[in-house]
Amino acid sequence: MKKVLLILSALVFAIVALAGCGADNKQASNDSKTLKVGATSVPHAEILEQIKDDLAKDGIKLEIVEYSDYVQPNLNLNDKELDANYFQHIPYLEDFVKQHPEVKLVNAGGIHIEPMGVYSKKVKSLKELKDGATVSIPNDPTNGGRALSLLAKAGVITLKDGVGVTATIQDITSNPKNIKFQELEPAQVPRTLDDVDAAVINSNFAMQVQLNPVKDNIFIEDSTSPYVNIVAVRTGDENRPEIQALMKALKSEKVKKFIAEKYNGAVVAAF
């Protein structure tokens, strides 16, 4: 009888020990946090890929969710489907929040600049544009205004004083070559190159169609561009440990070196 009791006691102890071990494993699993970050593929997702191992050392699994548009990443972030996103510059975020007052997002920090450029398969300079030429530009408020400001800087058009990044086609005061503007979603603009005389393209989308922003442009923003690409988060999440770890990793010398070597000036670190 004593032997039976000893065996039963051993079995009970083993079961309790296994249960405790399972609880410990569950706790360990919970200690590993997943950080979901939305990004456009080039260069944002490529840059994020460089820090996966760094975040893993801090117990953070980085999950990159790729987007091809500039609207859903902010909506999904606001709806808590993402923890952060990395695809936009400050003027775009400010305008988006203004247009969508229900969205509560803030800038967690700037990472890089992508100069916007003008590209063409038909002319080698903007001076060669003929009367009535067609130029495609992004249709979102800030990138559209940015494109028009770039064309104004190049002397193709003149804009009302002070309109800056909010410029629209209605703000054009002089258009000596009677340029016709084709407004499209930013990701679609590069696809018009075969059909238009010139296109004003964000560098990330230019690189997606194998255009080299440094070599292939016929006019490009200089280093004074204010359009720093940022990481956005929900208001109040700026100080979350996971977000702080993300920003620290993104602003490392490792990332700065990667940007310089990978993009050869088409993307420039802003830290």
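Everything that follows concerns the structure shown earlier in this document.
All figures in this text were calculated on a predicted structure; none of them were measured in a lab.

Calculation rules
- Residues numbered from 1 in each chain as written.
- Predicted model: local features only at pLDDT ≥ 70, side-chain atom pairs only at ≥ 80, totals over all residues.
- Heavy atoms only, no water.
- Phe/Tyr/Trp six-rings, centres within 6.5 Å; stacked < 30°, edge-to-face > 60°.
- Lys NZ or Arg CZ within 6 Å of the ring centre and 35° of its normal.
- Core = buried A, V, L, I, M, F, W, Y, C linked by side-chain atoms within 4.5 Å.
- Buried < 20%, exposed > 50% of the residue type's maximum accessible area, 1.4 Å probe, protein only.
- Helix = DSSP H or I, 4+ residues; strand = E, 2+ residues; numbered from the N terminus.
- Contact = heavy atoms within 4.5 Å.
- Polar contact = N/O pair within 3.5 Å; in protein donor to acceptor, adjacent residues only side chain to side chain.
- Salt bridge = Lys/Arg side-chain N within 4 Å of Asp/Glu carboxyl O.

Q: Account for the packing of aromatic side chains, with residues named and values stated.
A: Under the counting rule described, the total for this entry stands at six aromatic pairs. A network of ring pairs unites the aromatic residues Y70, F87, Y92, F96 and F205 as a single cluster. Looking at R146, its charged tip hangs above the ring of Y227, at a distance of 4.1 Å from the centre.

Q: A description of the nonpolar core should follow, citing residues and the corresponding values.
A: If you look at the biggest cluster of nonpolar residues, it comprises 30 residues, and the most contacted ones within it are L48, I51, V231 and L246. Elements that contribute at least two residues to this core include exactly β1 (33–40), α2 (41–49), β2 (60–67), β3 (84–89), β12 (228–234), α8 (241–250) and α9 (253–263). For I51, the residues in contact, after removing those within four places along its chain, are L62, L246, A249, L250 and V255. Within the second largest apolar cluster, 23 residues are counted, among which are L129, I157, F181 and V200.

Q: An account of the side chain of D83 is needed here, citing residue identities and associated values.
A: Mapped onto the elements, D83 comes out in the loop between α4 (72–78) and β3. A polar contact is formed between the side chain of D83 and the side chain of R240, at a distance of 3.3 Å. In this structure D83 touches T34, L35, K36, L77, V233, R234, R240 and I243, once residues within four positions along its chain are discounted.

Q: Please provide a residue-by-residue account of the pattern of salt bridges, values included.
A: Scanning the entire structure with this criterion turns up 11 salt bridges. The salt bridge involving K121 is made with D194; its shortest N-O contact spans 2.9 Å. Linking K121 in the loop between β5 (117–119) and β6 (134–138) with D194 in the loop between β9 (180–184) and β10 (198–201), this pair joins segments that are 73 residues apart in sequence. Here K121 falls in the exposed class, since its relative accessible area comes to 57%. Within this structure, D83, R234, D237, R240 and E242 form a network of salt bridges that share partners.

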